[in-house]
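# Close look at the chain arrangement
Residue-level listing of the chains:
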Amino acid sequence: TWGCEPRAFEGVPGALAALDAGFLPDAAVVDLRLADGDSGLEVVETLRARFGAGFPVVIATGDAGAERTVEARARGLTVMIKPVRPVQLRAFLGRSFSSDD
């Protein structure tokens, strides 16, 4: 009902494979801690390298005070603490889609 077509990927390799196959996301919700010890910050760097520094990304994490969470905020990323409330996610997506030109 939000007008979105969500897709989920397992870790960095899955996301990269989808991008290489032509998937063009409008925004991303990235978990901070990924499988095999990967960091969601790596995914953010990859997305922004491909789509520009302003590509809309929100970090989702259950680790409110963890070092990676502090690092994400220091990089100016929006961080949402799990469980993410639907109203928070909807607001992020609304801002992301309204900035499309």
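Residues numbered from 1 in each chain as written. Predicted model: local features only at pLDDT ≥ 70, side-chain atom pairs only at ≥ 80, totals over all residues. Heavy atoms only, no water.

With 13 residues, helix 4 (residues 86–98) should cover 18 Å at 1.5 Å per step; its first-to-last C-alpha distance of 18 Å lies within 8% of that length. Within the sequence span of helix 4, burial applies to Phe92, Leu93 and Ser96. Projected onto a plane normal to the axis of helix 4, the buried residues spread over an arc of 95° and lie on a single side. Opposite the buried face of helix 4, at more than 90 degrees from it, the exposed residues are Val87 and Ser98. Elements in contact with the buried residues of helix 4: strand 1 (28–31), strand 2 (57–61) and strand 3 (78–81). (Helix = DSSP H or I, 4+ residues; strand = E, 2+ residues; numbered from the N terminus. Expected span 1.5 Å × (residues − 1). Buried < 20%, exposed > 50% of the residue type's maximum accessible area, 1.4 Å probe, protein only. Arc of directions from axis to C-beta. Contact = heavy atoms within 4.5 Å.)

Evaluated as defined, the whole model comprises 2 aromatic pairs. Here the aromatic rings of Phe9 and Phe23 are separated by 5.6 Å at their centres, their planes lie at 55°, and the arrangement is tilted. Taken together, the residues Phe9 in the segment before helix 1 (11–20) and Phe23 in the loop between helix 1 and strand 1 connect sequence positions 14 residues apart. (Phe/Tyr/Trp six-rings, centres within 6.5 Å; stacked < 30°, edge-to-face > 60°.)

The omega torsion of the bond from Lys82 to Pro83 falls at 0°, within 30 degrees of zero and hence cis. Counting through the fold element by element, Pro83 comes out in the loop between strand 3 and helix 4.

Purely geometric stuff here, so don't read any function into it on its own.
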